Amino acid sequence: MKAVVLHPGRDRSVRRRHPWLLSGAIARVEDEPAAGETVAVRSAEGETLAHGHFEPGSQIRVRLLAFGKEPEDEGALALRVAAAVARRGADPLLAGTDALRLVNAEGDGLPGLVVDRYAGVLVVRPSTSGMLRRGEAIAGALREATGAAAALLRPDAVSLRRAGVDGRDGTLWGEAPAAPVAIAERGRRFRVDVRQGQKTGFYLDQRDARDLVATLAAGRRVLDAFAYTGGFAVAALQGGAAHVELIEASRSALALAREHVAFARERAACRADNAFEVLHAGVDDFDLVILDPPPLARRKDDVKPAARAYKDLMLHAFGGASRGRLVLAFACSHHVGPELFGKIAFGAALDAGRRVSVLRELCAPSDHPVALDHPEGRYLTGLLLRVDG
Ligand code: SAH
């Protein structure tokens with residue numbers, strides 16, 4: 001089998017079963033593996049440590065799928081897909097919705113593969129050439145495990161392009177739905193644009209936070225900043241919010257949001273606007289402020305400017321007169337974990353001259369499992385904060 005050989009002393013992360021082998025650890029590549037081909041990983045001393053998918057243009061040069069001397073046969077991938085689907089079916093934390101993440105990449109032992117289910121439609125999102133070229137095997141396993149009527153292929157084109165691979169949208173089986181797909185989540189109804197929407201179409205990772213917002217919202221005036229299609233707004237209206245204002249820059253997202261809040265039209269207002277500017281103008285009218293900006297720190301170098309942007313948002317959310325205001329703030333980057341996010345909130349509270357407490361920390365729900373071998377898989381951090389004085 002083709003192989004990569006590590007520099008002396010660079011085998012530690014592989015022995016600790018971290019699924020990413022970075023290019024800097026590799027001394028040489030033997031026999032020119034193709035993009036996505038399975039390679040063996042050998043220590044400088046010649047010991048075979050693991051096997052994984054070779055990703056030529058990527059800084060994460062090999063995505064490791066199996067540890068130890070023996071390679072897995074290709075059928076192992078289908079078994080893992082089936083196991084991931086079965087785990088969701090047996091998880092009581094995931095009851096009450098027909099929209100779930102079925103495969104969460106490293107969290108399910110399938111680096112480079114995300115699969116989301118929206119009622120009868122699956123959206124398959126490979127981000128590596130290894131997973132892209134195994135699309136047929138993956139589709140077969142998914143079809144058998146779910147019985148879904150259709151599956152769309154929506155590769156993560158940005159990640160793939162970095163690796164020099166062209167990932168095109170397509171259909172794996174069935175018919176691509178002509179209209180957004182209706183889903184029902186714990187009493188909330190949405191339509192998901194599985195063909196054009198952001199990522200796979202909907203932010204499934206905020207499901208538990210939506211439940212929390214529904215619990216908190218009664219009688220409150222709610223600002224849903226960075227609303228996308230209004231997931232939090234719908235939850236707030238479901239929970240009896242007095243009024244909800246949605247701010248979103250994307251007009252196509254806002255069009256769906258308008259539909260979603262139509263059941264409580266008299267209590268909701270949708271605005272196409274820049275949420276940073278809205279926050280700057282002051283949020284005195286609101287007593288629950290939700291801040292869910294796009295990923296501001298995609299790379300490590302972005303952390304400082306991202307921290308400033310998060311702090312700026314929180315500073316304005318803490319300002320004004322309203323004691324008892326709740327602020328639900330999120331960061332979706334594995335570079336900004338709960339500890340750093342808490343520090344950013346503290347800095348904002350100091351600058352705003354307010355006393356602020358943390359009521360709850362949030363993360364993604366259990367259909368987004370994080371393998372302990374791969375802490376980078378934890379990318380979503382939320383803080384429920386209260387302005388006390
Ligand atoms: N809260 C949403 C997800 C938000 S994702 C949910 O739970 O479904 C971040 C959103 O912010 C995206 O929809 C993006 O279009 C929007 N966005 C990005 N920059 C923005 C800005 N400056 N002002 C308002 N919205 C913005």
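Attention in this report is confined to the structure presented alongside it. The structure displayed is predicted, hence computed values, not measured ones. (Residues numbered from 1 in each chain as written. Predicted model: local features only at pLDDT ≥ 70, side-chain atom pairs only at ≥ 80, totals over all residues. Heavy atoms only, no water.)

**So, the overall build of the protein**
No. 1: Within the protein, the regular secondary structure consists of 11 helices and 20 strands.
No. 2: By the compact-globule yardstick of 21 Å for 389 residues, the protein fits well, its C-alpha radius of gyration being 22 Å.
No. 3: By its C-alpha atoms, the protein is 65 × 45 × 35 Å across when sized along the principal axes.
No. 4: Taken over 389 residues, the protein has a buried fraction of 51%.
No. 5: Across the protein, the fraction of contacts at a sequence separation of at least 24, relative to all contacts at a separation of at least 6, is 63%. (Helix = DSSP H or I, 4+ residues; strand = E, 2+ residues; numbered from the N terminus. Rg over C-alpha atoms; globule rule 2.2 N^0.38 Å. Buried < 20%, exposed > 50% of the residue type's maximum accessible area, 1.4 Å probe, protein only. Contact = heavy atoms within 4.5 Å.)

**Here we look at the sheet that holds strand β10 (residues 150-153)**
No. 1: Spatially, 5 strands are ordered β7-β8-β9-β10-β11 in an open sheet, and the strand pairing comes out mixed. Bordering the open sheet on either side are β7 (99-104) and β11 (170-173), each of which pairs with just one other strand. This sheet shows a mean twist of 25 degrees between the axes of neighbouring strands, independent of strand direction.
No. 2: Across 5 bridges, the pairing between β7 and strand β8 (residues 113-118) is antiparallel. Bridged to L100 within β8 is R117. (Pairing = 2+ DSSP bridges. Axes fitted to C-alpha atoms, helices over the stretch in contact; angles between N-to-C directions.)

**Some remarks on the environment of L77**
No. 1: Topologically, L77 is positioned in helix α2 (residues 75-89).
No. 2: Between the alpha carbons of L77 and L65 there is a distance of 8.9 Å; along the sequence they are 12 residues apart.
No. 3: Setting aside anything within four residues of it in sequence, one finds L77 in contact with L65, L110, M131, R134 and I138.

**Quick look at the packing of aromatic side chains**
No. 1: Under the defined criterion, the tally for this structure stands at 5 aromatic pairs.
No. 2: Between Y203 and Y228, the ring centres sit 5.1 Å apart and the planes meet at 90 degrees, which makes this aromatic pair edge-to-face. One end of the pair, Y203, is in the loop between β13 (188-192) and α6 (207-216); the other, Y228, is in the loop between β14 (221-225) and α7 (231-238), and 25 residues separate them in sequence.
No. 3: Residue class for Y203 comes out partly exposed when judged on its relative accessible area of 25%.
No. 4: When the ring of F232 is compared with that of F330, the centres are 5.6 Å apart and the planes differ by 15 degrees; the resulting orientation is stacked. With F232 in helix α7 and F330 in strand β18 (residues 326-332), the pair connects residues that are 98 residues apart, well separated along the chain.
No. 5: You can call F330 buried: its relative accessible area is 2%. (Phe/Tyr/Trp six-rings, centres within 6.5 Å; stacked < 30°, edge-to-face > 60°.)

**Topic: the site of the ligand**
No. 1: Near the ligand lie 15 residues; those nearest to it are Q198, F226, E248, A275 and D292.
No. 2: Interatomic distance of 2.8 Å between a backbone N/O atom of A275 and a nitrogen atom of the ligand.
No. 3: In the model, a nitrogen atom of the ligand is placed 2.7 Å from a nitrogen or oxygen of the D292 side chain.
No. 4: Surface burial for the ligand is 89%, taken as the share of its 580 Å² of free accessible area covered by protein chains.
No. 5: Of the residues belonging to the shell around the ligand, the class tally is 9 nonpolar, 3 polar and 3 charged. (Near = heavy atom within 4 Å. Polar contact = N/O pair within 3.5 Å; in protein donor to acceptor, adjacent residues only side chain to side chain. Areas by Shrake-Rupley, 256 points an atom, 1.4 Å probe, with all protein chains shown as cover. Nonpolar A, V, L, I, M, F, W, Y, C, P; charged D, E, K, R; others polar.)

**Describing the side chain of H260**
No. 1: In this structure, H260 sits in helix α8 (residues 251-260).
No. 2: Judged by its relative accessible area of 5%, H260 is buried.
No. 3: A distance of 2.8 Å separates a polar atom in the side chain of H260 from the backbone oxygen of T229.
No. 4: Filtering out sequence-adjacent residues up to four positions away, H260 remains in contact with R189, F190, R191, T229 and V234.

**Regarding empty space enclosed by the protein**
No. 1: Inspection of every chain in the model, using the stated rule, returns 1 cavity of 30 Å³ or more.
No. 2: Taken as a whole, the largest cavity encloses approximately 140 Å³ of empty space.
No. 3: Taken together, 13 residues line the largest cavity, and the ones lying closest to its centre are T38, H53, L65, E72 and E74.
No. 4: Breaking the lining of the largest cavity down by element, the ones donating at least two residues are β5 (48-54), β6 (60-67) and α2.
No. 5: Here the element with the most residues in the lining of the largest cavity is β5; it accounts for 3 residues. (1 Å grid on protein atoms, 1.4 Å probe; cavity = no way out; pocket = protein on both sides within 12 Å on 5 of 7 lines; lining within 4 Å. Points joined across faces, edges and corners; volume = space filled by probe spheres on them.)

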